[in-house]
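Understanding the architecture of this molecule
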Amino acid sequence: AMRLMVEGDVTAARAGVVGAIARLDALRDQIVPRAQLAVESALAAYAAGRGTLVGVIEAATSLWNSRSELVMAETAVAQSRSRLARAVGRTETTPP
């Protein structure tokens, strides 16, 4: 019974790591770069007289929010790796 409980904990912890890494990858590789491009586009449109300052501010806010989510995702990866390390009985959190 104890072995099944430990196996379940390890499986859940491993799934947590995989999910956290997937979220981090999406933010780093897709969401933040798109938000950066939106800021650049809004700034170019504003400079050319085709965009508004509000559009620039909204794009910058979205970028800031995306970067904040990226930091939280990095923290979530570290926390999930720590949970996995505890579940498998390691005391260190450095990946093998």
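In this report, the structure presented in the accompanying data block is examined. (Residues numbered from 1 in each chain as written. Predicted model: local features only at pLDDT ≥ 70, side-chain atom pairs only at ≥ 80, totals over all residues. Heavy atoms only, no water.)

Counting 13 residues, the largest nonpolar core has Leu24, Leu63 and Leu70 as its most contacted members. Those elements that place two or more of their residues in this core are α1 (2-47) and α2 (53-88). Among the elements that line this core, the one with the most residues is α1, at seven residues. When near neighbours in sequence (up to four residues on either side) are disregarded, Leu63 contacts Val32, Ala35, Gln36 and Val39. (Core = buried A, V, L, I, M, F, W, Y, C linked by side-chain atoms within 4.5 Å. Buried < 20%, exposed > 50% of the residue type's maximum accessible area, 1.4 Å probe, protein only. Helix = DSSP H or I, 4+ residues; strand = E, 2+ residues; numbered from the N terminus. Contact = heavy atoms within 4.5 Å.)

Now for α2. The end-to-end C-alpha distance of α2 is 53 Å, a good match for the 52 Å that 36 residues give at a rise of 1.5 Å each. Tucked into the core, α2 has its buried residues touching α1. Looking one or two residues beyond α2, the residue adopting positive phi is Gly89, at roughly 95°. (Expected span 1.5 Å × (residues − 1).)

Of note, Ser66 is situated in helix α2. Apart from the residues within four sequence positions on either side, Ser66 is in contact with Leu27, Ile31, Val32 and Ala35.

Attention shifts here to the environment of Glu7. When you line up the elements, Glu7 lands in helix α1. Overall, Glu7 belongs to the partly exposed group, its relative accessible area being 35%. The spacing of Glu7 and Ala48 is 41 residues in sequence and 60 Å in space, taken between C-alpha atoms.

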